[in-house]
Amino acid sequence: VTPPPDDPKGTSADAAGSIRDRLKSPAPSSEASASGDTSRSGVSDASFQQTDSAGLREAHGRSAQQESTHAGFEPMEVGPEPLTPREAKVAELKVAALFLLSALSVVAFCVWYVVGDHRFGTPGNPYFNPLLGLFMALALGGVGAGAVVWAKTLMVDEEAVQERHPFGSPSEERAATAEALKAGLGDSGLKRRPLLIGTLALGAGSLALLPLPFVFGMGRFQHKERELATTAWREGMRLYRNNGTPVRQGDLQIGAVESVFPDVELPQLRADSPVLLIRMRPEELQVQEGREDWSIDGHVAYSSICSHLGCPVKLYEQQTHHLLCPCHQSTFDASRGADVIFGPAARPLPQLAISVDDEGYFVAQGDFSEPIGPSYWERDSR
Amino acid sequence: MTLVSKATDGTGRWVDDRLGSSNFVRRSLNKVFPDHWSFMLGEIALYTFIILLLSGTYLAFFYTPSLGEVVYDGSYTPLVGVAMSEAYHSTLDISFDVRGGLLMRQIHHWAALLFMVAIVVHIMRVFFTGAFRKPRELNWVIGVLLLIFGLLEGVAGYSLPDDLLSGTGLRIIWSIMLAVPVVGTWAAFLIFGAEYPGTDILDRLYIAHVFVVPLILLGLITLHMMMIWYQKHTQFAGPGRTETNVVGSRLYPAYAAKAGGFFFLVFGVIALLGGLAQINPVWLYGPYNPSQVFAGAQPDWYIGFLDGSTRLMPGWEISALGYTVPINVIIPTVVLPGLMFTAMLVYPWLEQRFTGDREYHNLLDRPRDAPVRTAIGAMALSFYMVLWISGGNDVIASVFRVSVNNTTYAGRVLLLLLPPLVYVITKRVCLALQHSDDELAHHGIESGTIRRLPSGEFVEETVPLPMPYRAALTRVEPSEVGHGQKVLASGAPDQDVPHGSGHEDSQYLETRRSRSKGFFRPKGVSTTPTRTEPSPAELEGSGQQ
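Residues numbered from 1 in each chain as written. Chains lettered and ligands numbered in written order. Predicted model: local features only at pLDDT ≥ 70, side-chain atom pairs only at ≥ 80, totals over all residues. Heavy atoms only, no water.

What to know about the overall build of chain B
And step 1. A tally of regular secondary structure across chain B gives 19 helices and 10 strands.
And step 2. In chain B, the share of contacts with a sequence separation of at least 24, taken over all contacts with a separation of at least 6, comes to 74%.
And step 3. For chain B, the exposed area adds up to about 24,300 Å²; of that, 68% sits on carbon and sulfur atoms. (Helix = DSSP H or I, 4+ residues; strand = E, 2+ residues; numbered from the N terminus. Contact = heavy atoms within 4.5 Å. Areas by Shrake-Rupley, 256 points an atom, 1.4 Å probe, with all protein chains shown as cover.)

Okay, here's the thing in structure tokens:
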């Protein structure tokens with residue numbers, strides 16, 4: 001019979017003192033307290049065995065014979081040989097030195113934190129962060145290494161055995177719980193009132209819909225399709241460089257490439273609209289059908305937003321006219337309508353129709369004829 | 001000593017009077033933990049998570065999650081006068097103007113990388129040793145969820161600085177959302193607030209990164225720990241170790257000292273990395289600009305496999321009935337990880353179904369003990385590694401001066417060919433290791449001494465394997481206890497079959513058992529020591545006759 005968990009007998013016997021002390025004067029198993037994981041399992045302190053020496057085993061009241069009953073194995077001697085007093089002293093000094101290192105490093109950390117040059121450009125700056133990290137590492141590592149060395153050298157290297165409590169409850173227990181659940185359901189009267197069941201399901205079910213408007217309200221969908229399908233380019237808009245100057249015909253050498261933008265400030269519009277203006281020899285540019293007047297004198301403009309996942313396609317190879325996206329290596333041929341020649345992209349880069357205005361500046365003929373950037377479900381449904 | 005007595009007598013009594021905690025505390029102190037180096041992997045994950053909470057909280061005191069445009073005026077001179085978001089500005093301030101801020105930022109990033117490493121390696125340990133088996137399936141599921149939410153947390157944090165690299169990553173995330181059929185554009189607008197770059201995304205990522213996901217992680221970790229505590233840790237086979245006990249050291253004091261010391265060691269290593277090893281130098285990348293990017297851009301390592309799968313995928317797209325399905329995007333970034341994580345989540349039940357093994361397991365398998373499982377794991381790992389390495393194929397191409405196109409083609413071929421090959425090889429290696437184990441366990445170590453039998457036959461004397469090793473190899477498990485038999489080992493008697501499972505039909509069991517044999521053991525090799533050759537003692541006896 002297991003004594004109640006708050007039985008003072010078992011607790012007083014082993015609450016204090018070192019492991020060795022506890023093991024040398026163990027509570028007789030008959031009066032050990034219920035100290036298993038659950039009171040049901042009845043695992044007691046007596047179920048701990050120490051196998052680091054035969055003597056301790058004897059002290060624990062268990063012979064080698066008893067312990068070897070499991071699976072017919074002899075108990076294993078574990079742990080290193082006990083330390084000599086001299087070795088123990090050395091180990092103790094080692095641990096103390098590590099703890100001391102910690103304390104010194106904390107001081108060094110604090111001093112360096114206050115006096116070090118931490119601002120960029122100051123002469124001491126390159127050393128500020130490395131030394132700060134080093135002192136912090138030593139401070140933390142000293143305590144950590146000290147504790148580990150201490151545990152491994154000076155603490156008792158025991159091999160304790162604890163019985164596992166059985167998983168799963170006894171079948172009576174399960175039956176009783178199921179019974180209690182059923183009884184509660186009966187007490188609630190729900191079984192006899194089908195109207196309540198139906199309306200409860202309806203009411204609680206509708207509650208699940210309650211958060212939906214809030215969730216839906218997180219996005220602004222009013223012009224979703226239009227925003228996705230259009231960019232900031234409009235008819236007659238000049239092609240501006242990143243520094244705000246417009247590009248004039250003749251500015252680009254043959255083989256040159258320029259990132260250009262419409263003259264807008266809104267981040268959304270700017271994110272959509274980067275264009276790559278490329279100049280090649282007119283005879284090298286294979287003009288696509290229906291795009292005869294989209295390019296001028298070997299100048300051709302493509303959206304630089306990758307048709308795969310929206311990275312900027314920026315790497316242009318002069319000789320081959322290949323455009324490479326650095327994110328996933330989709331490669332497009334700028335001389336043939338930016339058609340895909342390699343990689344995971346499925347569509348050519350959309351081409352921006354350009355012309356030259358009266359003052360000789362490049363202008364867009366209008367917006368792109370198709371959505372730029374990555375594909376999406378409604379892309380072709382307009 | 002007086003201090004201890006004071007604590008137990010004074011404070012201890014005060015607490016115990018109110019909570020009655022003595023019994024619980026003593027039971028906890030006496031709890032036995034088995035020891036093995038591989039059990040520390042989960043500890044590293046836990047410790048790095050604590051470090052992430054500490055360092056992340058400090059960073060949050062200085063970070064501003066806003067896309068509002070400001071002009072840089074901090075101490076990092078190369079960027080003075082450049083227009084940038086407040087988020088990027090505050091990240092630069094943490095790096096250059098907050099004392100110790102850079103150390104904290106780098107500690108946070110390194111800890112995040114190691115957190116994911118520790119989780120992945122810990123999951124591998126649990127998988128290859130069969131620690132996920134009954135009764136620990138739920139903890140396996142929680143572990144996989146921790147992996148998934150860890151990934152999400154990492155991605156959200158990676159996007160916060162709003163530098164060129166993270167902005168590009170965010171645009172890729174936006175594009176992947178758009179690619180999802182039917183609901184994609186709705187989901188993308190909902191989460192980003194409006195068309196990319198959106199107005200709200202940074203605030204939402206921030207609250208997800210510092211509150212929502214950490215809370216989920218914390219809850220899952222707590223559950224994970226509670227289950228480990230309640231179910232007790234698994235252990236490897238060895239002398240005196242059975243399915244029904246735990247052999248190791250008690251929590252207090254040695255185990256606690258080791259584990260506590262280990263926390264500080266992990267923290268120390270991460271502090272050293274944070275001080276000496278530069279990571280994610282966002283000031284070199286500059287603020288995000290949708291028209292700019294740099295070559296060789298790489299995500300954090302744990303996203304690398306998705307980057308790789310995206311690169312290897314051919315450019316296929318379905319366009320029909322006026323709708324577009326970009327399968328070149330959704331297969332590698334949505335379908336593939338979905339399948340991978342689902343397979344991981346359900347694996348314990350798949351194995352149970354396949355082997356018919358519904359018994360409790362507290363003793364761990366060595367990987368060779370379950371050749372099919374180990375082969376499946378190695379196969380999955382090789383698949384993952386091909387994807388992961390392909391995520392850096394542009395770097396490989398430029399370092400080794402090979403065509404980037406060829407690295408992609410090689411990746412596609414390897415992705416299909418390598419996993420089956422690895423499966424076959426791993427299984428054969430496991431079986432070969434089992435054979436050599438059987439030799440050792442049953443015949444002992446070759447001694448080099450040749451003895452002639454009276455019949456004229458020559459035999460080599462063998463020395464029996466020392467007990468601890470033999471115990472680890474043969475895994476004889478007690479059958480008198482109610483649970484934990486080695487199930488369906490060859491030659492196992494019928495009573496080993498779980499009763500009341502509804503599958504007593506003998507034909508069914510026979511099929512199950514033969515499948516199970518293939519899963520765990522090669523045919524014709526027994527788990528129990530047999531004496532097919534004369535032992536030294538018998539030889540001694542026969543020599544005297």
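There's more to say after this.
With respect to the overall build of chain A
And step 1. Across its full length, chain A carries 11 helices and 11 strands.
And step 2. Split into buried and exposed, the 382 residues of chain A put 43% on the buried side.
And step 3. Within chain A, contacts between residues at least 6 apart in sequence are counted, and of these 56% link residues at least 24 apart.
And step 4. When the accessible area of chain A is evaluated, it comes to approximately 19,900 Å², of which 59% is carbon and sulfur surface. (Buried < 20%, exposed > 50% of the residue type's maximum accessible area, 1.4 Å probe, protein only.)

Notes on the sheet that holds strand S5 (residues 245-250) of chain B
And step 1. In space, the 3 strands of this open sheet follow the order S1(A)-S5(B)-S1(B), with antiparallel pairing throughout. Both outer strands of the open sheet, strand S1 (160-163) of chain A together with strand S1 (32-33) of chain B, are each paired with one neighbouring strand and no more.
And step 2. Here 2 bridges tie S1(B) to S5(B), and the two strands are oriented antiparallel to one another. The partner of Phe33(B) across the bridge, within S5(B), is Ser249(B).
And step 3. Contacts from helix H10 (residues 251-276) of chain B reach S1 and S5 of chain B, with the element oriented near 75° to S5(B). (Pairing = 2+ DSSP bridges. Axes fitted to C-alpha atoms, helices over the stretch in contact; angles between N-to-C directions.)

A look at the environment of Ala295(B)
And step 1. Within the element layout of this structure, Ala295(B) appears in the loop between helix H11 (282-285) and helix H12 (304-312).
And step 2. You can call Ala295(B) exposed: its relative accessible area is 52%.
And step 3. Along the backbone, Ala295(B) and Val395(B) are 100 residues apart, and their C-alpha atoms lie at a distance of 9.0 Å.
And step 4. Each residue touching Ala295(B), except ones within four places of it in the same chain, is listed here: Leu315(A) and Pro326(A).

Quick look at the environment of Met177(B)
All names here are of chain B.
And step 1. Among the structural elements, methionine 177 can be located in helix H7 (residues 164-179).
And step 2. A sequence separation of 85 residues divides methionine 177 from phenylalanine 262, and the C-alpha atoms of the two residues are 41 Å apart.
And step 3. Among all residues touching methionine 177, those that are not within four sequence positions of it are Gly184, Thr185, Ala187, Ala188, Ile191 and Phe192.

Re the packing of helix H6 (residues 125-153) of chain A against helix H5 (residues 101-128) of chain B
And step 1. It is the contact of H6(A) with H5(B), at a shortest axis distance of 9 Å, that shows an interaxial angle of 65°. The handedness of the crossing between H6(A) and H5(B) is right-handed. Each of Asn129(A), Leu132(A), Gly133(A) and Met136(A) in H6(A) lies in contact with H5(B), whose residues at this interface are Leu102(B), Leu103(B), Gln106(B) and Ile107(B).
And step 2. For the contact of H6(A) with H5(B), the per-class residue count stands at 5 nonpolar, 3 polar and no charged. (Left-handed = near helix turned anticlockwise from the far one by under 90°. Nonpolar A, V, L, I, M, F, W, Y, C, P; charged D, E, K, R; others polar.)

Description of unusual backbone geometry
And step 1. Here the bond from Tyr196(B) into Pro197(B) is cis, since omega is 5°, no more than 30 degrees from zero.
And step 2. Topologically, Pro197(B) is positioned in the loop between helix H8 (184-192) and helix H9 (201-231).
And step 3. For the bond from Tyr252(B) to Pro253(B), the omega torsion is 5°, close enough to zero to count as cis.
And step 4. Structurally, Pro253(B) is set in helix H10.
And step 5. Its identity as a non-glycine residue notwithstanding, His321(A) has a phi of 65°, on the positive side.
And step 6. Mapped onto the secondary structure, His321(A) falls in the loop between strand S5 (315-317) and strand S6 (322-324).
And step 7. A positive phi angle is found at Arg401(B), which is not glycine, with a value near 55°.

Observations regarding the sheet that holds strand S8 (residues 339-342) of chain A
Residue and element names in this part refer to chain A.
And step 1. If you walk across this open sheet you meet the 4 strands as S5-S6-S7-S8, and the pairing is antiparallel. Edge strands, defined here as strands with exactly one partner in the open sheet, are S5 and S8. Strand after strand, the sheet turns through a mean of 30° between neighbouring axes, direction not considered.
And step 2. Alignment of S5 against S6, held across 3 bridges, turns out to be antiparallel. Bridging across to S6, leucine 315 finds its partner in leucine 324.

Quick word on the confidence of the model for chain B
Residue and element names in this part refer to chain B.
And step 1. Averaged over all residues, the pLDDT of chain B equals 84, while 85% of them reach at least 70.
And step 2. The model gives residues 476-506 a pLDDT under 50, and that stretch makes 47 contacts with residues more than four places away or in other chains.
And step 3. Predicted complex, confidence summary: ipTM 0.83, pTM 0.84. (pLDDT = per-residue confidence, 0-100.)

Considering the interface of chain B and chain A
And step 1. Across the contact, 118 residues belong to chain B and 102 residues belong to chain A.
And step 2. Summed over both sides, the interface between chain B and chain A buries roughly 9,600 Å², with carbon and sulfur atoms accounting for 60% of that surface.
And step 3. Among the residues chain B hides against chain A, the three largest losses belong to Arg26(B), Arg99(B) and Arg250(B). Together they make up 8% of the total.
And step 4. Along the contact surface separating chain B from chain A lie 3 salt bridges.
And step 5. Asp97(B) is paired through a salt bridge with Arg119(A); the nearest N and O atoms lie 2.7 Å apart.
And step 6. Counting across the chain B and chain A interface gives 34 residue pairs in polar contact (both at pLDDT 80 or more).
And step 7. Ranked by residue count, the leading element in the side of chain B that touches chain A is H10(B), at 16 residues.
And step 8. Considered class by class, the residues forming the side of chain B that touches chain A number 58 nonpolar, 41 polar and 19 charged.
And step 9. Bridge count for S1(A) against S5(B) is 4 bridges, and the pairing is antiparallel. Directly across from Glu163(A), in S5(B), lies its bridge partner Asn245(B). (Buried area = accessible area lost by both parts, 1.4 Å probe. Salt bridge = Lys/Arg side-chain N within 4 Å of Asp/Glu carboxyl O. Polar contact = N/O pair within 3.5 Å; in protein donor to acceptor, adjacent residues only side chain to side chain.)

Observations concerning the state of the cysteines
Residue and element names in this part refer to chain A.
And step 1. Under the definition given, this model contains 1 disulfide over all chains.
And step 2. Here cysteine 311 engages in a disulfide with cysteine 327; their sulfurs sit 2.1 Å apart. Here the S-S torsion is close to -90°, and the disulfide linking cysteine 311 with cysteine 327 is therefore left-handed. Of this pair, cysteine 311 sits in the loop between strand S4 (299-303) and S5 while cysteine 327 sits in the loop between S6 and strand S7 (331-333), and the two are 16 residues apart along the sequence. (Disulfide = S-S within 2.5 Å.)

Looking at the side chain of Thr426(B)
And step 1. When you line up the elements, Thr426(B) lands in helix H16 (residues 404-443).
And step 2. Residue contacts for Thr426(B): discarding those within four places in its chain leaves Thr374(B), Ala375(B) and Ala378(B).

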